[in-house]
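# Fold and contact review
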Amino acid sequence: MRKVALAISLAGIFVVSSQAAEPGVRYVEPPKVGANPALPFSNGVMAGETFYVAGHIGIDSATGQAAANIDNEARLVMDSVQHTLEQAGLKTDDLVSVTVYCTDLDLYDKFNAVYRTYFHGHYPARAFVGINKLVRGAHFEVAGGAVNPAGVRRW
């Protein structure tokens, strides 16, 4: 179920751009879905040894909205962040800073129960911010920054 949800939530293949606006800057592009153009942002940008992860939400592909179950939504959003990191040759343990935007601060513990399963050892610095509303009815949006620990160009 988790693999199917991830595959569906990603709604396509992420493309790593080989053409950058500047030397040393590389992009993970959002997927193009059907005839619709790709969204007007990058899912991630590598600038030097720092990778910036755009805000991700946990979308249920069947509805195009946030997953109905809070635990599933938290998993989908973290799977999406993880997938974007993997496109850059990184992993969640390479995250150094994360911001979680949440429409209901009472969901803090539920989100944390899912979030901690994505890390092995130390956690990145993190802010958990209450916000009025997110796109597509999402309860969570996650953005962050990661560092390529070895400084190795992986893509």
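Residues numbered from 1 in each chain as written. Predicted model: local features only at pLDDT ≥ 70, side-chain atom pairs only at ≥ 80, totals over all residues. Heavy atoms only, no water.

## Digging into the pairing of strand S3 (residues 44–47)
Of the two faces of S3, the one lined by Gly44 and Met46 is fully buried and the one lined by Val45 and Ala47 carries no buried residue. Bridge analysis of strand S2 (residues 25–29) against S3 gives four bridges, and the strand direction is antiparallel. Across the sheet, the residue bridging to Tyr27 is Val45, located in S3. Note: S3 against strand S4 (residues 50–56), four bridges, orientation antiparallel. Among the inter-strand pairings, Met46 is bridged to a residue of S4, identified as Phe51. From the end of S3 to the start of S4, which pair antiparallel, there are two residues, and Gly48 there has a positive phi angle of about 65 degrees. (Buried < 20%, exposed > 50% of the residue type's maximum accessible area, 1.4 Å probe, protein only. Helix = DSSP H or I, 4+ residues; strand = E, 2+ residues; numbered from the N terminus. Pairing = 2+ DSSP bridges.)

## Here we look at the pattern of salt bridges
Applying the stated criterion across every chain yields a total of one salt bridge. Note that Asp94 and Lys91 form a salt bridge whose closest N and O atoms lie 3.6 Å from each other. On the basis of relative accessible area, Asp94 is assigned to the buried category, the value being 6%. For Lys91, a relative accessible area of 44% gives the class partly exposed. (Salt bridge = Lys/Arg side-chain N within 4 Å of Asp/Glu carboxyl O.)

## Topic: the confidence of the model for the chain
Taken residue by residue, the chain gives an average pLDDT of 83. The fraction at 70 or more is 77%. For the stretch residues 1–21, pLDDT sits under 50, and the model shows 41 contacts to residues farther than four places along the chain or on other chains. (pLDDT = per-residue confidence, 0-100. Contact = heavy atoms within 4.5 Å.)

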